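Commentary on secondary and tertiary structure
Chain residues, written in single-letter form:
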Amino acid sequence: MDSRQQRVAKNEALFRRVNERIEEINETLAGDSESDFLCECGNDDCTSPVSLTLAEYEEVRRDPTHFLIAHGHEVVDVERVIRETDRYAVVKKFGGEAKRIAVETDPRS
Ligand SMILES: [Zn+2]
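Before going into details, it helps to say that this report is about the structure given with it. (Residues numbered from 1 in each chain as written. Predicted model: local features only at pLDDT ≥ 70, side-chain atom pairs only at ≥ 80, totals over all residues. Heavy atoms only, no water.)

As for the pairing of strand E5 (residues 89-93)
Across the five residues of E5, four count as buried, placing the element largely inside the fold. Of the strand pairs in this sheet, strand E3 (residues 66-69) and E5 are connected by four bridges, and their pairing is antiparallel. By the bridge assignment, Ile69 is partnered in E5 with Ala89. Direction of pairing for strand E4 (residues 79-84) relative to E5: antiparallel, over a ladder of five bridges. Within the sheet, the bridge partner assigned to Arg80 lies in E5 and is Lys92. Between E4 and E5, which follow one another and run antiparallel, lie four residues. (Buried < 20%, exposed > 50% of the residue type's maximum accessible area, 1.4 Å probe, protein only. Helix = DSSP H or I, 4+ residues; strand = E, 2+ residues; numbered from the N terminus. Pairing = 2+ DSSP bridges.)

Below, the structure is given as structure tokens:
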């Protein structure tokens, strides 16, 4: 795995941590209202907001190799889109190293 792929994986892990905090802060809100999370794509300059309910966010977090992104922000050589809605997309990491980083940095494991 080259350093770019590693950087992508680490950037995604960082934004996942930020989103975990956003969820904590919004946990007191009504269950079906949407909160602004941040795109977890591999681009360090991306701060696109993505709107999800807490239940939708929980669904993404259930698998440590799944990440939440804005449409079109997938990095095709390390992940593929597995789910799309009108507001956001979910990608799954593939490949040994990218997947390993995703799992090891999971704040819930
Ligand atoms: Zn993005």
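Looking at the packing of aromatic side chains
Between two aromatic rings, the relevant description is the distance of the centres plus the angle of the planes. Applying the stated rule across the entire model yields one aromatic pair. Their ring planes at 5 degrees and their centres at 4.3 Å tell us that Phe37 and Tyr57 sit as a pair that is stacked. Here Tyr57 lies in helix H2 (residues 54-61) and Phe37 lies in strand E1 (residues 34-38), a separation of 20 residues in the sequence. Assigned by exposure class, Phe37 and Tyr57 land together as buried. Note that Lys93 overlies the ring of Phe67, its terminal NZ or CZ placed 5.6 Å from the centroid. (Phe/Tyr/Trp six-rings, centres within 6.5 Å; stacked < 30°, edge-to-face > 60°. Lys NZ or Arg CZ within 6 Å of the ring centre and 35° of its normal.)

Quick word on H2
Among the residues of H2, those classed as buried are Leu54, Glu56, Tyr57, Val60 and Arg61. Projected down its long axis, H2 carries its buried residues within an arc of 160 degrees, all on one side. Buried residues along H2 sit against helix H1 (3-26), E1, strand E2 (49-53), E3, E4 and E5. (Arc of directions from axis to C-beta. Contact = heavy atoms within 4.5 Å.)

Some thoughts on the sheet that holds E4
By definition, the strands of a sheet pair up through backbone hydrogen bonds, in either a parallel or an antiparallel sense. The three strands are arranged E3-E5-E4 in an open sheet whose pairing can be described as antiparallel. Every other strand in the sheet has two partners, leaving E3 and E4 as the edge strands with one partner each. Averaged over all pairs of adjacent strands, the angle between their axes in this sheet comes to 35 degrees, without regard to strand direction. With respect to the sheet, H2 is in contact with E3, E4 and E5, its orientation differing from that of E3 by roughly 140 degrees. (Axes fitted to C-alpha atoms, helices over the stretch in contact; angles between N-to-C directions.)

A look at the coordination of the zinc ion
Those donors, Cys39 (SG), Cys41 (SG), Cys46 (SG) and His73 (ND1), are the protein atoms that reach the zinc ion, and they lie 2.0 to 2.3 Å from it. The coordination sphere of the zinc ion comprises four donor atoms, whose angles at the metal cover 103 to 118 degrees; the geometry is tetrahedral. Sequence spacing among the residues donating to the zinc ion works out to C-x1-C-x4-C-x26-H. Both residues of the pair, Cys39 and Cys41, belong to the buried class. (Donors = N, O, S within 2.8 Å, 3.2 Å for Na, K, Ca; no water. Tetrahedral: all angles 85-135°; square planar, octahedral: opposite > 155°, others 65-115°.)

Observations concerning the pattern of salt bridges
For the coordinates displayed, the defined rule picks out 15 salt bridges. Across the salt bridge formed by Glu58 and Arg108, the nearest N and O atoms sit 3.1 Å from each other. Of this pair, Glu58 sits in helix H2 while Arg108 is found in the segment after helix H3 (96-104), placing the two residues 50 residues apart along the sequence. Classification of Arg108 by relative accessible area gives partly exposed; the value is 37%. Between Glu59 and Arg62 there is a salt bridge; the shortest N-O distance is 3.2 Å. (Salt bridge = Lys/Arg side-chain N within 4 Å of Asp/Glu carboxyl O.)

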